[in-house]
Amino acid sequence: MEQSLDILHNQLREIKRDNNNKTTDIELIQEKIQATLPKVDTGCSLPQKKTPAGRTKVLHMNYMQSQTDKTGKTEIAHLLFFAKTARDLGLRLEILTDKNCRKDIEQKLANEDYKTLDYSITENQSPVSKWAEDSVEFLKNGQIAVLQQFNNELLEQAMTKGRRQRWQGKITPENLEEALRDDHLWVLLGIQVNTDKMAVTWEHVAQSNGMGVGHIRAYIEGGNMITGEDANGDSIILVGKDAIAATAHIYQLSNNAVRRLICEDFGLDSVEQVICVEQPGKFHLDMGLLFIGHGVVVVNNSSEALKDATEMAEMVPCLTTEKMAAKLKLRCSLEDDAANDLAAAGLDVRRERLENDAFYNFFNGEFVEGQDGENYYITNGGPRAEEERFETLMTANWSSVKKVFFSPVDAAQKSLQERGGVGCRLKGSPP
């Protein structure tokens, strides 16, 4: 599929570059591209919800030896935090790792503290990505769904094209070109699953364990799709516009046609149940918004940070301060767009600053149900005052959970520096 799509897109680009191109030639290639679209093989089943209504009692994590920290402290800290939290709440923890890491895990969890932990270890032949959230969806019908593999260059071009169209006028043309070219310095492109081929790994693992495997036809990394429910309890899925735009370009479809694909894959009745949401200044939705359930979504609010950055650029004008102000201007605009997209779909939108780059991010986490039947939230640790403020919001103001579990602060900050947190490391599956 990859080579065929790649060749067809090259042909399409060549035809469009020709000043004498004919509309019929373009349409012919587009029809050939559309014909490469695979058939539905997911069983038309809904992914596990990430809201409290998901009643998640099984958590999946991946464990690997750190490539940036030889001591492995960050990975070990997360392993033990997840193990302790799962033990305390009566959850099952399923760990995917490789042969070289298995002994490390078994030694750590052999401690008397984890005697009552319900867990299992699945061994893969090669190392796995630590980001368990993004490469697989656990479906209600008991099978998994993974992403199709695309040509990296084609995928990057497709996602960038969508941003160029949507982000016009938000910042100066010069800054826009820089943001599109140097996405890692502005808003990272969410294409890591395709790059590291973890979907292929999960397919092999699932088949080895006798699980059915389907394929998500839209390019939606897990953190950029949040399944939940509206105020009436009807299932809805929030999908980042990067995913919609990239898929539309790759298969030469309209945005609504992509929404229909998602409906077909996940058994939804109407495209209105697939809500397209602008990236809230982040490469994935779960880094900048929190779906707390029953139609209520919290979206980040960087307006105060923008005000401070603008004042600094005026007081100390230089490339550094001006660039920071430009980046925050784009982020605020995207956050506002995300909030507007959600409000337009009839959702109740709350605005709160719940992240500060690598210092803390409470959007990124996992809702679970404890053995007492109560809802809990697991997320990244941060400054104590911010943790207290967030827990008050979650428990008292929004009545979403009984308690919030925060990961160790040092480990959280190191993880966020690598552009992922607790919510990227954990994946819930149906009870």
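Scope of this entry: the structure provided in the associated data block. (Residues numbered from 1 in each chain as written. Predicted model: local features only at pLDDT ≥ 70, side-chain atom pairs only at ≥ 80, totals over all residues. Heavy atoms only, no water.)

## Quick notes on the sheet that holds strand E6 (residues 213-216)
Here is the rule we go by: A pair of strands is treated as paired once DSSP finds two or more bridges between them. Numbered from the N terminus, helices here are DSSP runs of H or I no shorter than four residues, and strands are runs of E no shorter than two. Note on definitions: angles span 0 to 180 degrees between N-to-C directions of axes, and those axes are lines fitted to C-alpha atoms, for helices only across the stretch in contact.
Spatial ordering of the open sheet is given by E4-E5-E6, a layout of three strands whose pairing is mixed. Each edge of the open sheet carries a strand with a single partner, namely strand E4 (136-138) and E6. Strand-to-strand twist in this sheet, taken as the mean axis angle between neighbours without regard to direction, amounts to 30°. In this structure, E4 lies alongside strand E5 (residues 144-147), joined through three bridges in antiparallel fashion. Residue pairing across strands places Val136 opposite Val146, the latter belonging to E5.

## Topic: the layout of surface pockets
This is how it is decided: Note on definitions: the grid is 1 Å and covers protein atoms alone; a cavity is a set of points where a 1.4 Å probe fits but cannot get out; a pocket is an open set with protein on both sides within 12 Å along at least five of seven lines; lining residues have an atom within 4 Å of a point. Grid points are joined across faces, edges and corners, and a volume is the space filled by probe spheres set on the points. Nonpolar residues are Ala, Val, Leu, Ile, Met, Phe, Trp, Tyr, Cys and Pro. Charged residues are Asp, Glu, Lys and Arg, and all others, Gly as well, are polar.
In this model, the largest pocket occupies a volume close to 590 Å³. As for the largest pocket, its lining consists of 23 residues, of which Trp186, Lys282, Arg331, Asp357 and Arg419 are closest to the centre. Secondary structure elements with two or more residues in the lining of the largest pocket: helix H12 (319-344) and helix H14 (409-417). Counting residues per element, the lining of the largest pocket draws most heavily on H12, which supplies five residues. Considered class by class, the residues forming the lining of the largest pocket number 12 nonpolar, five polar and six charged.

## Considerations on helix H13 (residues 384-397)
Rules: Take the number of residues in a helix, subtract one, and multiply by 1.5 Å to get its expected span. Using a 1.4 Å probe on the protein chains alone, a residue whose accessible area is under 20% of its type maximum counts as buried, one over 50% counts as exposed, and one in between counts as partly exposed. Think of the arc as the fan of directions from the helix axis to the C-beta atoms.
The end-to-end C-alpha distance of H13 is 18 Å, a good match for the 20 Å that 14 residues give at a rise of 1.5 Å each. Where H13 is concerned, the buried positions are Glu387, Phe390, Glu391, Leu393 and Met394. Down the axis of H13, the buried set is contained in an arc of 155°. They therefore lie on one face. Residues of H13 that are exposed and point over 90 degrees away from its buried face: Arg384, Ala385, Ala396 and Asn397. Just downstream of H13 lies Ser399, where phi reads positive at about 50°.

## With respect to the side chain of Asn124
The cut-off we apply is this: Two N or O atoms form a polar contact when they lie within 3.5 Å of each other; inside protein one atom must be a possible hydrogen donor and the other a possible acceptor, and for residues adjacent in sequence the pair counts only when both atoms belong to side chains. Contact between two residues is taken to exist if any of their heavy atoms lie within 4.5 Å; hydrogens are not considered.
Looking at the element boundaries, Asn124 is found in strand E3 (residues 118-124). Asn124 gets classed as buried once you look at its relative accessible area, which sits at 12%. Here Ser126 takes part through its backbone oxygen, which lies 2.9 Å from a polar atom of the side chain of Asn124. The contact partners of Asn124, leaving out residues within four places of it in the chain, are Leu96, Thr97, Asp98, Lys99, Thr201 and Val205.

## Observations concerning the nonpolar core
The criterion, for reference: Within this scheme, the nonpolar core is defined by two criteria: the residues are buried Ala, Val, Leu, Ile, Met, Phe, Trp, Tyr or Cys, and they are joined through side-chain atoms within 4.5 Å.
With 52 residues, the main nonpolar core has Ile144, Trp202, Tyr219, Ile237, Val239, Ile250 and Ile262 as its most contacted residues. Counting residues per element, this core draws most heavily on helix H9 (residues 241-251), which supplies six residues. Met61, Leu117, Tyr376 and Ile378 belong to the second-largest nonpolar core, a separate cluster that totals 24 residues.

## Considerations on the sheet that holds strand E11 (residues 296-299)
The strands that make up a sheet pair up through hydrogen bonds in the backbone, lying either parallel or antiparallel. Overall, mixed pairing links the three strands, which are arranged E10-E11-E12 in an open sheet. Looking along the sheet, the strands with just one partner apiece sit at the ends: strand E10 (289-293) and strand E12 (348-351). Sheet twist, expressed as the mean angle between neighbouring strand axes with direction ignored, is 25°. Summarising the sheet, E10 and E11 pair through four bridges and their orientation is antiparallel. Bridge assignment links Leu290 to a residue of E11, and that residue is Val298. Its contacts with the sheet put H12 on E10, E11 and E12, and the angle it makes with E12 is roughly 155°.

## Some thoughts on unusual backbone geometry
You will see that Cys44, though not glycine, has its phi angle at about 50°, which is positive. Of note, Cys44 is situated in the loop between helix H2 (23-35) and strand E1 (58-62).

## Concerning empty space enclosed by the protein
Enumeration according to the criterion identifies four cavities of 30 Å³ or more in this entry. Taken as a whole, the largest cavity spans an internal volume of roughly 90 Å³. When contributions to the lining of the largest cavity are tallied by element, the ones reaching two or more residues are E4, strand E7 (225-229) and strand E16 (426-429). The element best represented in the lining of the largest cavity is E7, accounting for three residues. By residue class, the composition of the lining of the largest cavity is three nonpolar, five polar and six charged. Forming the walls of the second largest cavity are Lys50, Ile226, Asp286, Leu289, Leu290, Phe291, Phe363, Gly365 and Phe367. Elements with a contribution of two residues or more to the lining of the second largest cavity: E10 and strand E13 (365-369). Here the lining of the second largest cavity takes three residues from E10, the largest share from any one element. Class assignment of the residues belonging to the lining of the second largest cavity gives a composition of six nonpolar, one polar and two charged.

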